[in-house]
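Close look at the chain arrangement
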Amino acid sequence: MSSLNTIRVCFPLLDKCIMVEVGKTVAEACALVGFPQNLVCGGKGTCKKCLVTIRENDLVSEVLGCQHLVSEDIAILISKEAALSQILETTSNGELSFNPKTRVATIPITALKTEMCSYDLETIRKAIDQPVKLTSLKVLQKSAEVFHQKSFSLMNFILYNDEIIDLVPGNEPISAFGVAFDIGTTSVVGYLYDLTNGVLIHQYSSLNKQISFGGDVISRIDYASTAPENLKTIQHAIIETVNNILSNLFYESNIPSEAIYECVFCGNSTMAHLFLGLNPLHLGLSPFTGITRDMVVLTAEELGININPQGRITFLPLLGGFVGADTAAVLLGLPKDDNYRLMIDLGTNGEIAVGNRDRYFVASTACGPALEGAGIHMGMRGTTGAIEKITLDNNEITCHVIGNAAPLGFCGSGIIDAIAFLYREKLIYNRGHFIKGEDLDNHPFKDRFGVDANNQRYFVFVRHSDNPNGKEMVITQKDIRAVQLAKAAIFTGCSLLTEKYGIKATDLQEITLAGAFGNYIDIENAQFIGLLPEIAGVPIRSIGNGAGTGAQLFLLSQDEAKRCQEIPLITTHIELATDPNFSTLYMQNTTLGQNEMK
């Protein structure tokens, strides 16, 4: 029943009804049931990426979720299948020395007899045979309660490095568990491990609920820095996302939250600030300064993470500017050799690194929004209904759709395929303009061109008659331009960073692609339009969720954790936009096709 201050809002396809405050938007209601909308523009109503189907006063219509207010007679028609993103969870972990910071020392009660006028901690140190510490007041108090219990045969000491963080009496040895998290701007992935044997128990992913406050880091910085309560709200959104992932991991694995003693997190610089509740204002203003790039270690209790209260929360070190702990994690997961590599992470925020195990140069580039659907007329995340691949079969255009559903738009990989198709079939010139004149008149696909109400030309990939939804799927001239700008930013970044490092493109032994976008795109198509460099003899390899890989390595190995802490010391951050050659090269690299990388 509604009250004067709340409204009952139903989600028929989710079989849910909730109470929502008067004055809240449809997008805010969607976030409350766990399906935040893609507010790329920060809820200003300009990007039109939060279109939601509703039924109101018995009429079905599409509205902007960030602008339309909930009412007494509204049903929001979103389904679980349509709301879940195609989130990359796989990693490429190789061999590593399993030696976690969190471990269990199980000692028979009979070996824990404190001598007269001595102290229990001295007895523990002797039994464990190492100089452990007991610094937490809560653990000290628990030790006073349980250490001398005689009703159990064993005492399990949970150690984090050389500190005792819990004591668990029992008759059987216990396991300690840990979770490695990759906090992306769009999605978050968690990997649950048994830290007594290194076995991956389960993994789970979810949309980052901060997406309700903007699809890119600048939108979230603007929101968080406007008012103290905004910072708390957006921090709560990521903490809630993490806790929801933990709840699913607990449910799927039948492991209690109290048995989780460590969580490791990586994410870009903005994600780090918002996760820790640090005002990111100056990160978004020149000269783009943050609070700290050091690794931060806290207790779960301090942040409200739903694991054992004394469990340790670690956010990996940042590298400079917008290049954060996710890049540090990717570099940690690369082969430990002298080979020069160019690493490209094409997420919502794009990062580039050049170097080897001895020295890295890193930079960020604003490439992600267009490649993930933002700023594209019919762009969308990689969800059900997104065109993810385009092929030409017997002179017929075939669009492959996620979930084998009716096409609703283009995700990043589909956008790259679309531009590559247009360029390969000579439907656009190398400067990105659609063909015209005789070139158009003589082309077999000339009947697929159209002009919209703003006199903007577009190309139809899916006709009305071929789509069960009756919608044309089109790429506009403006869409092509957006991809050209992203392409120019990436290619220019790769070229300048390699040059500043002091090597030639031909000195590279490998190019590695990290992140979901790099995993799903057709590399040949990306190289064909010049999005990725094509260097003779230099292979390109997709490493999947490289940031997730690095976070797992940190969780499972003290040796890898030490290497991770050393990465900022051997890394130089380069601000590309201040380079005097950047603008010139950037404009040159907007042309489609391969540009020269020196």
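Please read these numbers as outputs of a predicted model, since none were measured by experiment.

Here we come to the overall build of the protein chain. Along its length, the protein chain carries 18 helices and 26 strands. Whereas a compact globule of 598 residues would reach a radius of gyration of roughly 25 Å, the protein chain reaches 26 Å, a difference of no more than 12%. Along the first, second and third principal axes, the C-alpha set of the protein chain runs to 100 × 70 × 45 Å. Of all 598 residues assigned to the protein chain, the portion counted as buried reaches 55%. For the protein chain, long-range pairs separated by at least 24 residues make up 64% of all intrachain contacts whose partners lie at least 6 apart in sequence. Entry remark: accessible area of the protein chain is about 25800 Å², with carbon and sulfur atoms responsible for 50%. Separation of charge centres in the protein chain, based on 46 positive and 64 negative side chains, amounts to 3 Å.

Averaged over every residue, the pLDDT of the protein chain is 88; residues scoring 70 or more account for 93%. Per-element averaging of pLDDT across the protein chain places helix H2 (residues 80-83) at the bottom with 54 and strand S14 (residues 312-315) at the top with 98.

Turning to the pattern of salt bridges, a few remarks are in order. Using the criterion set out here, one finds 18 salt bridges in the structure. Close ionic contact of Asp579 with Lys500 constitutes a salt bridge, the shortest N to O distance being 2.6 Å. Pair noted here: Asp579 is in the loop between strand S26 (571-573) and helix H18 (582-588) and Lys500 is in helix H13 (residues 477-501), with a separation of 79 residues, a long-range link. Between Glu560 and Arg563 there is a salt bridge, with the nearest N and O atoms lying 2.9 Å from each other. With Glu560 and Arg563 both in helix H17 (residues 558-566) and three residues apart, the pair spans about one turn of that helix. A relative accessible area of 23% means that Arg563 is categorised as partly exposed. Through salt bridges that share partners, Asp337, Arg341, Glu510 and Arg541 make up one connected network.

With that out of the way, let us pick up the sheet that holds strand S21 (residues 449-451). Spatially, the three strands line up as an open sheet ordered S21-S22-S23, and their pairing is antiparallel. Two strands bound the open sheet, and with one partner strand each, they are S21 and strand S23 (473-476). Neighbouring strand axes in the sheet, compared pairwise and without regard to direction, differ in orientation by 40° on average. In the packing of helix H11 (residues 412-424) onto the sheet, the strands contacted are strand S22 (457-462) and S23, and the crossing angle to S22 comes to about 110°.

Each strand in a sheet pairs with another by means of backbone hydrogen bonds, the pair being arranged parallel or else antiparallel. The six strands are arranged S11-S10-S9-S12-S14-S13 in an open sheet whose pairing can be described as mixed. Both edges of this open sheet fall to strand S11 (199-207) and strand S13 (296-299), since each of them pairs with a single strand only. Between one strand and the next, the sheet's axes are offset by a mean angle of 15°, whatever the strand orientation. Both strand S12 (residues 260-267) and S14 contribute to a ladder of four bridges, which runs parallel. The residue bridging Glu262 from the neighbouring strand is Arg312, located in S14. Sheet strands touched by helix H6 (residues 228-253): strand S9 (177-183), strand S10 (187-194), S11 and S12. Its angle to S11, the strand with the most contacts, is close to 140°.

With that settled, the discussion passes to the side chain of Thr590. Its location among the elements puts Thr590 in the segment after H18. Note on Thr590: relative accessible area 5%, which makes it buried. A polar contact of 2.7 Å, which involves the side chain of Thr590, links it to the backbone oxygen of Met587. Residues within four places of Thr590 in sequence aside, it is in contact with Arg481, Gln484, Leu485, Lys487 and Ala488.

In the sheet, S10 pairs with S11 via eight bridges, with the strands oriented antiparallel. Opposite Gly190, over in S11, you have Tyr204 as the bridge partner.

A packed helix pair is summarised by two numbers, namely the angle formed by the two axes and the spacing between the axes. At a closest axis distance of 10 Å, the pairing of helix H5 (residues 217-226) and helix H7 (residues 269-276) adopts a crossing angle of 30°. Taken together, H5 and H7 sit at an angle that is classed as roughly parallel. In the crossing of H5 with H7, the sense of the turn from one axis to the other is left-handed. Taken together, the residues of H7 that come into contact with H5 (itself represented by Val217, Arg220, Ile221 and Ala224) are Thr270, Met271 and Leu274. In terms of residue class, the contact of H5 with H7 is built from five nonpolar, one polar and one charged.

Moving on, we come to the nonpolar core. Formed by 72 residues in total, the largest nonpolar core has its most connected members in Phe181, Ile260, Phe265, Phe275, Ile305, Ile307 and Ile313. For this core, the element with the highest residue contribution is H6, accounting for ten residues. Contacts of Ile305, omitting those with residues within four sequence positions, involve Ile239, Val242, Asn243, Leu246, Phe275, Ala300 and Ile313.

What follows covers the packing of aromatic side chains. Under the criterion given, the structure shown has 17 aromatic pairs. Ring centres 5.9 Å apart and planes at 55° place the aromatic pair Phe421 and Phe445 in the tilted group. Placement of the pair is Phe421 in helix H11 and Phe445 in the loop between helix H12 (437-441) and S21, with a sequence separation of 24 residues. Residue Phe421 shares its accessibility class with Phe445, and that shared class is buried. Here the aromatic rings of Phe449 and Phe459 are separated by 5.3 Å at their centres, their planes lie at 75°, and the arrangement is edge-to-face. Here the residue Phe449 occupies a position in strand S21, and Phe459 occupies one in strand S22, the gap between them amounting to ten residues. You'll find Phe449 and Phe459 in the same group, each marked buried. Through a chain of ring-to-ring contacts, the aromatic side chains of Phe410, Phe421, Phe434, Phe445, Phe449, Phe459 and Phe461 assemble into a single cluster. Its end group placed over the ring of Tyr501, Arg359 keeps NZ or CZ at 3.9 Å from the ring centre. One cation-aromatic arrangement involves Lys487 over Phe491; the distance from NZ or CZ to the ring centre is 5.7 Å.

Basis of the calculations
- Every chain's residues receive numbers from 1 upward, in the order its sequence appears when written.
- Local features in this predicted model are restricted to residues of pLDDT 70 or higher, and side-chain atom pairs are both shown and tallied only at a pLDDT of 80 or more, whereas totals for entire chains, interfaces and linings draw on every residue.
- Computation of side-chain values: all heavy atoms of the structure, hydrogens and water removed.
- In this description a helix means any DSSP run of H or I spanning at least four residues, a strand means any run of E spanning at least two, and both kinds are numbered starting from the N terminus.
- For this measure, only C-alpha atoms enter the radius of gyration; the expected value for a globule follows 2.2 Å times N^0.38, where N is the number of residues.
- A 1.4 Å probe rolled over the protein chains alone gives each residue an accessible area, and that area as a share of the maximum for its type sets the label: buried under 20%, exposed over 50%, partly exposed in between.
- Any pair of residues with heavy atoms lying within 4.5 Å of one another is described as a contacting pair.
- Residue-level accessible areas treat just the shown protein chains as cover; the underlying method is Shrake-Rupley with a 1.4 Å probe.
- In summary, the charge assignment counts Lys and Arg as positive and Asp and Glu as negative, without counting His or the chain termini.
- For this purpose, a charge sits on NZ of Lys, CZ of Arg, CG of Asp or CD of Glu.
- Confidence of the predictor at the level of single residues is captured by pLDDT, which takes values from 0 to 100.
- Only one rule defines a salt bridge in this text: a Lys or Arg side-chain nitrogen within 4 Å of an Asp or Glu carboxyl oxygen.
- Only strands joined by at least two bridges in the DSSP assignment are considered to pair.
- Axes, fitted as lines to C-alpha atoms, cover a helix only where it is in contact. Angles between the N-to-C directions of the axes lie from 0 to 180 degrees.
- Here a polar contact means two N or O atoms within 3.5 Å. Within protein one must be a hydrogen donor candidate and the other an acceptor candidate, and residues neighboring in sequence count only if both atoms are side-chain atoms.
- Every angle not falling under 35 degrees, over 145, or within 65 to 115 is termed oblique; those three ranges are roughly parallel, roughly antiparallel and roughly perpendicular.
- Left-handed describes a crossing whose near helix is turned anticlockwise from the far helix by less than a right angle; the clockwise case is right-handed.
- Under the convention adopted here, Pro, Cys and the residues Ala, Val, Leu, Ile, Met, Phe, Trp and Tyr are nonpolar, Asp, Glu, Lys and Arg are charged, and Gly plus all remaining residues are polar.
- Only buried residues count toward a nonpolar core, which is a set of Ala, Val, Leu, Ile, Met, Phe, Trp, Tyr and Cys residues joined through side-chain atoms within 4.5 Å.
- Pairing of aromatic side chains requires ring centres within 6.5 Å, counting the rings of Phe and Tyr and the six-membered ring of Trp. Pairs whose planes differ by under 30 degrees are stacked, by over 60 edge-to-face, and all others tilted.
- Only lysine NZ and arginine CZ atoms are considered, and such an atom sits over a ring when it is within 6 Å of the ring centre and within 35 degrees of the ring normal.

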